[in-house]
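# Observations on the three-dimensional arrangement
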Amino acid sequence: MAAGAGSSMLYSLLLFLVILSLQEMYRGKLASTELFTILGGFTSSLLFLVLLTFIGNFQESNGMKTGWGAVVLAEVVALIAAGTVHRVCITTCFLFSGGLLYEVNKLSGIAQSKVESKTRRH
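All of these numbers come straight from a predicted model, not from anything done at the bench. (Residues numbered from 1 in each chain as written. Predicted model: local features only at pLDDT ≥ 70, side-chain atom pairs only at ≥ 80, totals over all residues. Heavy atoms only, no water.)

## Regarding helix 1 (residues 5-25)
End to end, helix 1 covers 30 Å across 21 residues, agreeing with the expected 30 Å (1.5 Å per residue, within 8%). Residues of helix 1 that are buried in the fold lie against helix 2 (27-30), helix 3 (34-61) and helix 4 (68-83). (Helix = DSSP H or I, 4+ residues; strand = E, 2+ residues; numbered from the N terminus. Expected span 1.5 Å × (residues − 1). Contact = heavy atoms within 4.5 Å.)

Here it is in structure tokens:
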């Protein structure tokens, strides 16, 4: 059962704020070692994912179509957040975000094909 656009938008905004706050609170720890720097990039890519969800749901609730502009905006915000931790976090955030975007696109295609197959039967 999927959440509606409004509740999903609220949850993604809250998750964005929590992840960003925790990332900034532990900025020193995330920049201390190589492994934590990679973890900092991963947490920034999670920021990308929840911000992309927020923007997509916002556009859907307003009747607009979501496009590449939402992806670029979410990525820029996530890269700026990663840059506040460490320079290497920017690169790892970009790489992890690309992987997450690929997986989200794949899941979206699967969900869309299921919806289309249901409408063809009726």
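Here the narrative resumes, following the displayed structure.
## Some remarks on the packing of aromatic side chains
The tally for this structure, following the rule as stated, stands at two aromatic pairs. Ring geometry for Phe 54 and Phe 58: centres 6.3 Å apart, planes at 15 degrees, overall stacked. Of this pair, Phe 54 and Phe 58 both sit in helix 3, separated by four residues, roughly a single helical turn. According to the relative accessible area criterion, Phe 54 is partly exposed, its value standing at 22%. In this structure Phe 58 comes out as partly exposed when scored by relative accessible area, which is 40%. (Phe/Tyr/Trp six-rings, centres within 6.5 Å; stacked < 30°, edge-to-face > 60°. Buried < 20%, exposed > 50% of the residue type's maximum accessible area, 1.4 Å probe, protein only.)

## Remarks on the packing of helix 1 against helix 3
The angle between the axes and the distance between the axes are what describe a pair of packed helices. For the pair helix 1 and helix 3, the least separation of the axes is 8 Å and the interaxial angle reads 155 degrees. When the interaxial angle is binned, helix 1 and helix 3 end up roughly antiparallel. The handedness of the crossing between helix 1 and helix 3 comes out as left-handed. Per-class residue counts for the contact of helix 1 with helix 3 are 13 nonpolar, nine polar and one charged. (Axes fitted to C-alpha atoms, helices over the stretch in contact; angles between N-to-C directions. Parallel < 35°, antiparallel > 145°, perpendicular 65-115°, else oblique. Left-handed = near helix turned anticlockwise from the far one by under 90°. Nonpolar A, V, L, I, M, F, W, Y, C, P; charged D, E, K, R; others polar.)

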